[in-house]
Each structure stands twice: as structure tokens, then as C-alpha cells.
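Observations on the three-dimensional arrangement
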Amino acid sequence: MMKEIHGGNIYKYDHKVYDFSANLNPLGMPEEVKTAIAEHIDRYESYPDPQNRELTEALSLYHSVPKECICCGNGAADIIFRIALGLRPQKSLVLAPTFSEYEQALKACGSTVVYHFLAEEKGFRLQEDVLKAIDESLDMMFLCNPNNPTGIPTERELVLAIAQKCERCGVTLVIDECFTEFLDEEERYSVMADVQRLENVIILKAFTKIYAMAGLRLGYCICANTVQAEIIRETLQPWAVSTVAAKAGCAALKLTGFVEKTKTYIKENREFLVKGLIDLGYKVYNTKANYIFFRSARDIRKPLEAFDIIVRSCSNYISLDEQYYRIAVRTREENIYFLKCLGEITEGREEPIHG
């Protein structure tokens, strides 16, 4: 049986649950995307376009990058594995803690993985000392920005310094920006505008989170190096993107105001949840994303399941243990219910951790 390492597994329950374990847009899939899916239903009888021409053209215009630099796949996880499979790094660097799929993909392709540990006493924030960990012995580095599960972003200046150090050392830098659209000041952290001048950089993106399209599976990467892009494309199966996912993606890229509306909604509800957690005595880290990373002295996952609430235990992340949790920012109604139930669990029992 496949080991469960991610959130969002609502299928093991036979009733409605409040899923705080998956970091999806609480506003849900845009109506325009749903309409596009239904309107093109007759197209789904044929095989998908193996070259993803319509979607690639739309992404090229949206990001102002050449079509030749874009690779589309069955979700961001698919692209992660394809990058590792195509480029075959012998030695790779990942942060700890960070998204487990990087390590899994790298090890599946025979890469030796080394870690740069983020210090709890520094709030799990990436520091400039990461530059010392990058040298000629490496072939690849993964950087999640904002990081998962902490939700803490790295300033654009440090990301650029990392990219420059990687270039000097001949290291391919994969920057996962799947959550940047949720950040209040996206331009402070994203290097998407710089990708064409950053040699050996690959930026990973997905429709999964911001457009709540997790079930459709649609991700892509943008490479500064067209040679690397071609290598990655050659690892993909002929129909890596379904027609329904491509049509949904094209419709999402045409939306105006949706991302901005999401940012405002996330900020208000993140602040609401953070305040509630702090008021209950929990240690909350300085997250800026659509999820919140915090610490508890006792198990809250199993007690919350009694209230039909699923949260993400971070105990399977490298350098973390069962005291760490991640919750998604959901609707205000759901967030109120979560805090009410967590308060009932906390009150009169083992004291939550402080400090």
C-alpha cells in the first residue's frame, strides 16, 4: 500500500469533513473555469494535444516567456519527477523541512540528497548561510518559495543570490512558486520576471492551489535554458495533460481580478486564524501563504477528527516531529468552526505550548 505523505485524502471518510489539510483556494474553482469544462465536453472523446499548443500559447502570453521554455504536465508533482528524471542529478540539495516530493523524486532517480536545515530558533526562515551550502559538488537544488509547510517566503534578493551562486557552480536551481499568488506582496519574493536572464533556473508552477483545480492535475515549469526544457519534455508521456485540464487552464488564465480577490480574502482569514491560535496559546510561525504552520504540545489531529476536521500533521517532514501542524486558510465559517473545536480540545486539558 502506498504510504500517505500528503494532505487532502478525504476519500478515507464516508461523510463530509472539514478539510484543513489541503492548501487550496477557499473561494473554490472559478465559475468561468467550470463553464469552460462543460462547454468543451464534446472535445473529450479525442486524444489530447500531445504538444499542448493552446495551453502553452496561453502560458507564453501570460508570463511573457517563449513557448519553447514551457513544459506542461499532470500536476506540479509530475513535473518535479520529470525534472529529476530528465536531468539526472547525481547530488542534490534540499531544505529541511520542505515539500517531501523533491526528495522522493530525486532519490527515485538515484540522486544523493543533502540537506540544509532551517533553524527553529530563527523561525524556520531561510538565511544567507544557505549560500555556503552551494558548491561544485552539487548538480541540482530545490527551493520552495514560500516554503511548505512553513508558509514563510524568501525575499527576492536572496533568491537571486542563490540563483547566481548556483550558476557559478553549475547547479540547476528549481524554484517552486506554486504558492506565490497567495502572497500579499508577490513581487517581493517571486523571480518569475527574471527567469529569462537566470541561467540554469527552472520555475515550477501549478493551477492546483490558486484555482482549486487539484482534481484536474495541471502543472508546468518555465525554464531559462531551452535545452533543459527540451530534455524535460522528452521525459513526458505523449498525453501528459488531459484536454479537460488544458481547457480549464486556458480559462483560468483569462480571469481578471480573481487572484487579487483571493489575496484579500486569504489575508483577512489568515490573520483571523493566527490571532485565534495565539489566543489559545499555540506557537504560530510567521507564515505569509494560504496556510498556517504552528506548534502544539499535544496531539490535536485525532481529537479534531472527532469534530470531522482534518489537519496536516508535519511529523513526516525531515527535522520536524509530532508537535508541528499545518492548516489551510479556509472560509470564514469553516475557520470559526475550527477555532471553536480547537478551543474545546484545548480548554481544561494539557496546556498548549508557549514561546
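Residues numbered from 1 in each chain as written. Predicted model: local features only at pLDDT ≥ 70, side-chain atom pairs only at ≥ 80, totals over all residues. Heavy atoms only, no water.

Named according to an unreviewed UniProt entry, the protein chain is Aminotransferase class I/II-fold pyridoxal phosphate-dependent enzyme originating from Anaerotruncus colihominis. The Cofactor (unreviewed entry) comment attached to the protein chain in UniProt states, word for word, "pyridoxal 5'-phosphate". (UniProt positions renumbered as here; feature names shortened; annotations may be inferred.)

**Some thoughts on the overall build of the protein chain**
Tallying secondary structure elements over the protein chain gives 10 helices and 13 strands in all. Computed over C-alpha atoms, the radius of gyration of the protein chain comes to 20 Å, within 12% of the 20 Å expected from 2.2 N^0.38 for 355 residues, which places it in the range of a compact globule. Projected onto its principal axes, the C-alpha positions of the protein chain cover 60 × 55 × 40 Å. Within the protein chain, counting contacts between residues at least 6 apart in sequence, those at least 24 apart form 75% of the total. Looking at the protein chain as shown, the accessible area adds up to about 15,900 Å², and 50% of this sits on carbon and sulfur atoms. (Helix = DSSP H or I, 4+ residues; strand = E, 2+ residues; numbered from the N terminus. Rg over C-alpha atoms; globule rule 2.2 N^0.38 Å. Contact = heavy atoms within 4.5 Å. Areas by Shrake-Rupley, 256 points an atom, 1.4 Å probe, with all protein chains shown as cover.)

**Focus: empty space enclosed by the protein**
By the definition in use, this model includes two cavities of 30 Å³ or more. A volume near 60 Å³ is recorded for the largest cavity. Here the residues of the lining of the largest cavity are counted per class, giving six nonpolar, no polar and two charged. Together, Leu95, Leu118, Phe124, Arg125, Leu126, Leu143, Cys144, Asn147, Thr150, Ile152, Pro153 and Thr154 line the second largest cavity. Residue composition of the lining of the second largest cavity, by class: eight nonpolar, three polar and one charged. (1 Å grid on protein atoms, 1.4 Å probe; cavity = no way out; pocket = protein on both sides within 12 Å on 5 of 7 lines; lining within 4 Å. Points joined across faces, edges and corners; volume = space filled by probe spheres on them. Nonpolar A, V, L, I, M, F, W, Y, C, P; charged D, E, K, R; others polar.)

**Re the sheet that holds strand 13 (residues 324-328)**
One open sheet accounts for four strands, arranged 9-10-13-12; its pairing is antiparallel. Edge strands, defined here as strands with exactly one partner in the open sheet, are strand 9 (283-284) and strand 12 (312-313). With two bridges joining them, strand 9 and strand 10 (residues 291-295) adopt antiparallel strand pairing. Bridging from a neighbouring strand, Val284 pairs with Phe294 of strand 10. On the sheet, helix 8 (residues 258-279) packs against strand 9, strand 10 and strand 13 and is oriented at approximately 10° with respect to strand 10. (Pairing = 2+ DSSP bridges. Axes fitted to C-alpha atoms, helices over the stretch in contact; angles between N-to-C directions.)

**A word on the side chain of Asp176**
Its location among the elements puts Asp176 in strand 6 (residues 172-176). At 7.8 Å, Lys205 is the nearest oppositely charged side chain to Asp176, a buried residue that forms no salt bridge. For Asp176, the side chain forms a polar contact with the side chain of Tyr102, separated by 2.6 Å. (Buried < 20%, exposed > 50% of the residue type's maximum accessible area, 1.4 Å probe, protein only. Lys, Arg positive; Asp, Glu negative; His and termini not counted. Salt bridge = Lys/Arg side-chain N within 4 Å of Asp/Glu carboxyl O. Polar contact = N/O pair within 3.5 Å; in protein donor to acceptor, adjacent residues only side chain to side chain.)

**Examining the layout of surface pockets**
In this structure, the second largest pocket encloses a volume near 340 Å³. Along its surface, the second largest pocket is lined by 16 residues, and Pro50, Gln51, Asn52, Thr56 and Arg233 are the ones closest to its centre. A breakdown of the residues in the lining of the second largest pocket according to their chemical character gives eight nonpolar, four polar and four charged.

**Overview of the domain arrangement of the protein chain**
Structurally, the protein chain comprises domain 1 (18-28 + 258-347) and domain 2 (31-254). Averaged C-alpha coordinates put domain 1 and domain 2 at centres separated by 25 Å. Listed per partner, the contact involves 27 residues of domain 1 and 32 residues of domain 2. Buried surface at the junction of domain 1 and domain 2, summed over both partners, amounts to about 2,400 Å²; 62% is from carbon and sulfur atoms. When the buried surface of domain 1 facing domain 2 is broken down by residue, Lys263, Tyr291 and Ile318 rank first, second and third, together holding 23% of it. Viewed at the interface, domain 2 and domain 1 are joined by three salt bridges. For Lys263, the salt bridge identified is with Glu186, shortest N-O distance 3.2 Å. On inspection of domain 1 and its partner domain 2, the count reaches 12 residue pairs in polar contact (both at pLDDT 80 or more). Mapped onto the side of domain 1 that touches domain 2, the elements with two or more residues apiece are helix 8, strand 10 and strand 13. For the side of domain 1 that touches domain 2, the class distribution of residues is 13 nonpolar, eight polar and six charged. (Domains from an automatic or database assignment. Buried area = accessible area lost by both parts, 1.4 Å probe.)

**So, the pattern of salt bridges**
Taken as a whole and judged by the stated rule, the model has 19 salt bridges. With a shortest N-O distance of 2.8 Å, Glu181 and Lys205 are connected by a salt bridge. Linking Glu181 in the loop between strand 6 and strand 7 (201-206) with Lys205 in strand 7, this pair joins segments that are 24 residues apart in sequence. Among the residues examined, Lys205 registers a relative accessible area of 3% and is labelled buried. Where Arg301 meets Glu305, a salt bridge forms, and the shortest distance between an N and an O atom there is 3.6 Å. In this pair, Arg301 and Glu305 are both assigned in helix 9 (residues 301-305), four residues apart and thus about one turn of the helix distant.

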